[in-house]
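A closer look at the structure
For reference, the chains in residue letters:
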Amino acid sequence: ILADYDACGLVGEETNKLLCYLACVSRHLPRPLSVLIQSSSAAGKTSLVEATLAFMPAEAQLRLSALTGQSLYYMGRTQLKHKILALAEEEGVAEASYALKLLQSEGRLTIASAGKDGDTGRQQTQHYEVEGPVAMLLTTTAEEPDAELLNRCLRLSVNEQPAQTAAIHQRQRAAYTLEGIAA
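So, a few notes on the structure that sits alongside this text. (Residues numbered from 1 in each chain as written. Predicted model: local features only at pLDDT ≥ 70, side-chain atom pairs only at ≥ 80, totals over all residues. Heavy atoms only, no water.)

The subject of this paragraph is the overall build of the protein chain. Along the protein chain, the regular secondary structure elements total seven helices and seven strands. Tracing the protein chain from N to C terminus, the helices and strands come up as α-α-β-α-β-β-α-β-β-β-α-β-α-α. With the C-alpha coordinates of the protein chain rotated into their principal frame, the extents come out at 70 × 35 × 30 Å. Scored against the burial criterion, the 183 residues of the protein chain give a buried share of 40%. Long-range contacts, defined as pairs at least 24 residues apart, comprise 71% of the intrachain contacts of the protein chain with a sequence gap of at least 6. Per element, the accessible surface of the protein chain, about 10200 Å² overall, is 53% carbon and sulfur. (Helix = DSSP H or I, 4+ residues; strand = E, 2+ residues; numbered from the N terminus. Buried < 20%, exposed > 50% of the residue type's maximum accessible area, 1.4 Å probe, protein only. Contact = heavy atoms within 4.5 Å. Areas by Shrake-Rupley, 256 points an atom, 1.4 Å probe, with all protein chains shown as cover.)

Following this line, the structure appears as structure tokens:
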């Protein structure tokens, strides 16, 4: 697995690579893992998520930039079941944090809401259920992420040390050589 990540160009981050990969394949389990990757802007969080998702089947992924508070409740019954929910930034899902926490803890979401009956036009209660479980990959630059969401996730931080940055730059330079282009 690490060799495959390396071939894709992701430098270093061996433990984080394996934990992200493990979280994604755990989507098949009754209680999958979720990962929150926390670091400063442009530190490599998205690169780690993108590289990991490249190994996963497209039909097993749902990638979202943001969520409204009720959006998860109205997805198809099995649209999230055993999927990887990849969320771009914690800040973009703040409105949906309650639903995300329930989805992780209970493995499903249920809601009753009022709506018009198509035939009679009268208000009636409609029940919706969305089945999980889901593995979640979430990134954040927040120094203090939502505590309740955080206690349901493995918290990772990417390596921001100068040696890691130098290794990345070396890899990028090598990609623009004849040998790198031919590889």
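Turning next to the packing of aromatic side chains. Inspection of every chain in the model, using the stated rule, returns three aromatic pairs. Seen from their ring centres, Tyr5 and Phe55 are 4.8 Å apart, and the 80° between their planes marks the pair as edge-to-face. Remark: Phe55 occurs in the loop between helix H3 (45–54) and strand S2 (61–64) and Tyr5 occurs in helix H1 (residues 2–7); sequence separation between them is 50 residues. For Phe55, a relative accessible area of 29% corresponds to the partly exposed category. Ring centres 6.3 Å apart and planes at 65° place the aromatic pair Tyr21 and Phe55 in the edge-to-face group. One end of the pair, Tyr21, is in helix H2 (residues 14–25); the other, Phe55, is in the loop between H3 and S2, with 34 residues separating them in the sequence. Members of the aromatic cluster, joined through ring pairs, are Tyr5, Tyr21 and Phe55. (Phe/Tyr/Trp six-rings, centres within 6.5 Å; stacked < 30°, edge-to-face > 60°.)

This paragraph deals with the pattern of salt bridges. Going through the model one piece at a time under the given rule, you end up with seven salt bridges. For Glu131, the salt bridge goes to Lys81, with nearest N and O atoms at 3.1 Å. Linking Glu131 in strand S5 (residues 123–131) with Lys81 in the loop between S2 and strand S3 (83–87), this pair joins segments that are 50 residues apart in sequence. You can call Glu131 buried: its relative accessible area is 17%. A salt bridge links Lys101 to Asp146; the shortest N-O distance between them is 3.2 Å. Within this pair, whereas Lys101 is found in helix H4 (residues 97–106), its partner Asp146 is found in the loop between strand S6 (134–140) and helix H5 (147–150), the two being separated by 45 residues in sequence. Judged by its relative accessible area of 11%, Lys101 falls in the buried class. Here the residues in one salt-bridge network are Arg77, Lys81, Arg108, Glu129 and Glu131, joined through shared partners. (Salt bridge = Lys/Arg side-chain N within 4 Å of Asp/Glu carboxyl O.)

The next point concerns the nonpolar core. Residues Leu72, Leu80, Leu87, Leu100, Leu109 and Met136 are the most contacted members of the largest nonpolar core, which totals 24 residues. At the level of secondary structure, the elements contributing two or more residues to this core comprise S3, H4, strand S4 (108–116), S6 and H5. Among the elements that make up this core, the one with the highest residue count is H4 (four residues). Sequence-distant contacts of Leu72, defined by excluding residues within four places in its chain, comprise Leu67, Leu80, Ala99, Leu100, Leu109 and Val130. Of all hydrophobic cores here, the second largest spans 18 residues; its members include Cys20, Ala51, Leu137 and Val158. (Core = buried A, V, L, I, M, F, W, Y, C linked by side-chain atoms within 4.5 Å.)

From the geometry alone we can't say anything about function, so treat these as descriptive.
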